[in-house]
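What the coordinates show
Okay, here's what each chain looks like letter by letter:
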Amino acid sequence: MYSPTSPRPWLFVAGLWLLWLLPLCSALAQAPPAAPSSAADSLRGSLIPVTSANPMQLRWPRSFAHLLAQPVVRQAAVPVALLSLAVLGTEKVDAMETDEVLRAEVHKYVHIRTNLDDQLRHVPAYAALSLSLLGVKGQHSTLNQALLFGLSYTINSTITSNLKHLTHVQRPTSTGFDSFPSQHTSAAFSAATFMHREYGGRSIWYSVGGYTVATATGGLRIAKDKHWLSDVLAGAGVGIASTELAYWIYPWLHRQLTKGLGERAVVIPSYLNGAAGATVIVAL
């Protein structure tokens, strides 16, 4: 248990540093290719190319070294690491005893009252879509970006909401049992990964900016006493994994839904009050 005679004011900074550094190192290690220069980025043509680097075409590796080199493994490494640290830090496991320690130190040294975190969580995604509308080419056209963001948002909201109900973790302020994982942090890191996937190949500073905003969102949730550190770490892991999953299944999903309809159909994923769905618009 935490002892007030053992002050650790550095823990909050260390936690945020870890939250920012892990996904950024992954972004540096697997920066997407540069944005396409061709103007022929249509709804069909701008889909994720099916190449040997695409995890949907991976063959079983012949050695462990080859396994570690696979894109799907590198993409899963950071979410798995964040989720593992989160589980070890929860009160039910309490292997690291970080949640209560950090909360005590935040109460002692940090005093913040703001609603900025409510807006920050969506900033990276809005920035990416705005860049596309302004003519800055990402990996996909504006329409495809919107569909990918909608899909990643739906996946993220579905996973996060269900995990909250399954884990039933009490918030630091004892106001509810929906603390794990943090919805704000999950959405922020999902949006940051979306920014990285679309514009990280053009400049790593897009990735740095996105993950910095996401980390700030998670830090504010802890500083406002809305979440434990483990909630925020788990939210970051779920957020990153949600967007990676969306990019992984989008080409297949698009092919299945538009088969026989050509380019006359647009599918918009949705999530509202615990229910996931989709809206299909067909041009007649």
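Residues numbered from 1 in each chain as written. Predicted model: local features only at pLDDT ≥ 70, side-chain atom pairs only at ≥ 80, totals over all residues. Heavy atoms only, no water.

Topic: the overall build of the chain
Applied cut-off: Put simply, DSSP H or I for four residues or longer makes a helix, DSSP E for two residues or longer makes a strand, and each gets a number counted from the N terminus. The classification of residues rests on relative accessible area computed with a 1.4 Å probe and restricted to protein chains. Under 20% of the type maximum is buried, over 50% is exposed, and intermediate values are partly exposed. The contact definition used throughout considers only heavy atoms, calling two residues in contact when any of these lie within 4.5 Å.
Of the regular secondary structure elements, the chain holds ten helices and two strands. Going from the N terminus to the C terminus, the chain shows its helices and strands as α-α-α-α-α-α-α-α-α-α-β-β. Put simply, the chain has 284 residues, and 46% of those count as buried. Looking at the chain alone, contacts between residues at least 24 apart form 75% of all its contacts between residues at least 6 apart.

Focus: the packing of aromatic side chains
Put simply, the test is: Pairing of aromatic rings covers Phe, Tyr and Trp, the last counted by its six-membered ring, and requires centre-to-centre distances within 6.5 Å; plane angles under 30 degrees mean stacked, over 60 mean edge-to-face, and any other angle means tilted.
By the definition in use, this model includes four aromatic pairs. Ring geometry for Phe-149 versus Tyr-153: centroids 6.2 Å apart, planes at 40°, classification tilted. Linking Phe-149 with Tyr-153, this pair stays in helix H7 (residues 142-167), spanning four residues, or about one helical turn. Residue Phe-149 is classed as buried on the basis of its relative accessible area of 17%. With relative accessibility at 34%, the residue Tyr-153 sits in the partly exposed group. Feature note: the residues Phe-149, Tyr-153 and Phe-194 constitute an aromatic cluster, connected by ring pairs.

Side note on the nonpolar core
Keep this limit in mind: Nine residue types can take part in a nonpolar core, namely buried Ala, Val, Leu, Ile, Met, Phe, Trp, Tyr and Cys, and a core is a set of them joined through side-chain atoms within 4.5 Å.
Membership of the largest hydrophobic core comes to 25 residues, with the highest contact counts inside it found for Leu-19, Leu-82, Phe-189, Ile-222 and Leu-233. Of all the secondary structure elements, the ones that give two or more residues to this core are helix H1 (10-29), helix H3 (71-89), helix H4 (99-109), helix H8 (183-199), helix H9 (204-223) and helix H10 (229-258). Among the elements that line this core, the one with the most residues is H10, at six residues. Once residues within four sequence positions are removed from consideration, Leu-82 is found in contact with Leu-19, Leu-22, Leu-233, Ala-236, Gly-237 and Ile-240. Membership of the second largest hydrophobic core comes to 16 residues, among which are Leu-151, Met-195, Ala-246 and Tyr-250.

Digging into the confidence of the model for the chain
For the record, the criterion: Values of pLDDT, the confidence the predictor places in each residue, fall between 0 and 100.
Across the chain, the average pLDDT comes to 80, with 70% of residues at or above 70. At the level of individual helices and strands, the chain shows its lowest average pLDDT in strand S2 (residues 275-282), which scores 58, and its highest in H8, which scores 96. Confidence drops under a pLDDT of 50 for residues 1-7, and excluding neighbours within four residues, the segment shows ten contacts in the predicted structure. Taken together, the stretch residues 37-58 has pLDDT below 50 and engages in 42 contacts with residues farther than four places along the chain or on a different chain.

Points about the pattern of salt bridges
Under the convention used in this document: When a carboxyl oxygen of Asp or Glu is within 4 Å of a side-chain nitrogen of Lys or Arg, the pair counts as a salt bridge.
One pass over the structure, following the stated rule, counts five salt bridges. Across the pair Asp-225 and Arg-103 runs a salt bridge whose closest N-O atoms are separated by 2.8 Å. Note that Asp-225 is positioned in the loop between H9 and H10 and Arg-103 in helix H4, a separation of 122 residues in sequence. Exposure remark for Asp-225: the relative accessible area of 10% places this residue in the buried category. Residue classification places Arg-103 among the partly exposed residues on the basis of a relative accessible area of 26%. In this structure, Asp-117 engages Arg-221 in a salt bridge whose closest nitrogen and oxygen atoms are separated by 2.6 Å.

Side note on H3
Counted only if it meets this: Under the convention used throughout, the expected extent of a helix is 1.5 Å for every residue step, that is, one less than its residue count. In this analysis the local bend is the angle between axes fitted, respectively, to the seven residues ending at and the seven residues starting at the residue.
Relative to the 27 Å expected for 19 residues at 1.5 Å per residue, H3 spans 28 Å between its end C-alpha atoms, a close match to the ideal helical length. The sharpest bend along H3 measures roughly 30° and falls at Ala-77, with the proline Pro-79 sitting one to four residues further on. Among the residues making up H3, those that are buried are Pro-71, Gln-75, Val-78, Pro-79, Leu-82, Ala-86 and Gly-89.

Quick word on the environment of Gly-235
Structurally, the position occupied by Gly-235 is in helix H10. When the C-alpha atoms of Gly-235 and Asn-156 are compared, they prove to be 9.5 Å apart, with 79 residues separating the residues in sequence. Setting aside chain neighbours within four positions, we find Gly-235 in contact with Pro-181, Ser-182, Thr-185 and Ser-186.

A word on the environment of Ala-234
Within the secondary structure, Ala-234 sits in helix H10. What makes Ala-234 buried here is its relative accessible area of 0%.

Considerations on unusual backbone geometry
The peptide bond linking Phe-180 to Pro-181 adopts the cis configuration, its omega dihedral lying at -5°. Here Pro-181 shows up in the loop between H7 and H8. One non-glycine residue, Asp-225, adopts positive backbone phi at about 65°.

Side note on the side chain of Ser-182
Looking at the element boundaries, Ser-182 is found in the loop between H7 and H8. Beyond its immediate stretch of four places on either side in the chain, Ser-182 contacts Thr-160, Lys-164, Arg-221, His-227, Asp-231, Val-232 and Gly-235.

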